[in-house]
Each structure stands twice: as structure tokens, then as C-alpha cells.
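Each chain, written out:
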Amino acid sequence: MPWGHFSTAHITSLILIVVVGVLGYFFLRKKSEIVQKYCMIGLSMPGVFAIIYNLIAYGNPIEYLPLHMCSIAAILLPIAVIRKNNVIGNLLLIWGVGSLSALIFNQLAADYLLFSMEWFVFLIPHACEVI
């Protein structure tokens, strides 16, 4: 079954992303700073793994160079979390809106089959960037 554009599966995944983000906030708000930092590092890494996967899995790495806005954000996100860089962090707030719009208006990903590798490689990094 394809993920679709504003289908039940698409809207359910968007709601699930919001729920995970809100629950993560309430779970982490009373934890120590080191626990919060490691959780944020964990959330920032799927984008980097998706870039590496796209470069290796598809036979033409030149087409999958990390030149898209979401790919650049995925590279900068771990740097911002580890170094606590406020300039990059503020820039990533704006680019998070780009990741959210990529999830909402998913023209290229609408044909991905649910729970396929392409779907996971698209959804999880974008969702982590939004969260």
C-alpha cells in the first residue's frame, strides 16, 4: 500500500510524529542535561545515516549528493547539538519547517510503499529533524 498524499496512512504518520515529539519533551524535561544531550544526539543522527545510505544504496552517488536543504540540515544538526551552537540551532529552526513541509507535501514520497526501506529513509530523518 503506498503512503499516499493526505491518505489515512499519511495523516496517521504525521500525528504520530507530533505525539512522539510531545511525549519526548515531557519525558526529557525533568531528566539531567547529559541524558537530554544524548537523546538529542540520537535524534540528530538518522539524517546522517540516511545520507550515507542514499550514497551507497543507489548506484549513482552523484545524484544523491547531500545538496538538498534537508540533507544540509541533517549534516548540521549533530554539530549544533554537540557543540551547542546557537547560530546553527537558530538556522535549523527555520530548516525544520522545510522538513515539516517535506513531510506534509510529500509529492516525491507519496508513491513509497508503507514500511519499505525508501519510506523509512525518507520519513525517519525528516521526522527527527522536525522533532
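Residues numbered from 1 in each chain as written. Predicted model: local features only at pLDDT ≥ 70, side-chain atom pairs only at ≥ 80, totals over all residues. Heavy atoms only, no water.

Student: Quick rundown of the packing of helix α3 (residues 46-57) against helix α4 (residues 69-83)? Include the residues and the values.
Tutor: Viewed as axis vectors pointing N to C, α3 and α4 meet at an angle of 130°, and their least axial separation amounts to 8 Å. It follows from the interaxial angle that α3 and α4 lie oblique. Regarding α3 and α4, the two cross each other, and that crossing is left-handed. Note on element contacts: α4 touches α3 through S71, A74, I75 and P78, opposite G47, V48 and I51. A breakdown of the residues in the contact of α3 with α4 according to their chemical character gives five nonpolar, two polar and no charged. (Axes fitted to C-alpha atoms, helices over the stretch in contact; angles between N-to-C directions. Helix = DSSP H or I, 4+ residues; strand = E, 2+ residues; numbered from the N terminus. Parallel < 35°, antiparallel > 145°, perpendicular 65-115°, else oblique. Left-handed = near helix turned anticlockwise from the far one by under 90°. Contact = heavy atoms within 4.5 Å. Nonpolar A, V, L, I, M, F, W, Y, C, P; charged D, E, K, R; others polar.)

Student: I'd like to hear about the packing of aromatic side chains, residue by residue, with values.
Tutor: If you walk through the whole model with that rule in mind, you get 10 aromatic pairs. Plain terms: the ring middles of F115 and W119 are 5.1 Å apart, the flat faces sit at 70° to each other, and that makes the pair edge-to-face. Residue classification places W119 among the buried residues on the basis of a relative accessible area of 6%. Ring geometry for F115 against F120: centres 6.1 Å apart, planes inclined by 45°, an arrangement best described as tilted. Overall, the relative accessible area of 32% leaves F120 in the partly exposed class. (Phe/Tyr/Trp six-rings, centres within 6.5 Å; stacked < 30°, edge-to-face > 60°. Buried < 20%, exposed > 50% of the residue type's maximum accessible area, 1.4 Å probe, protein only.)

So yeah, pure geometry; function would need other evidence.
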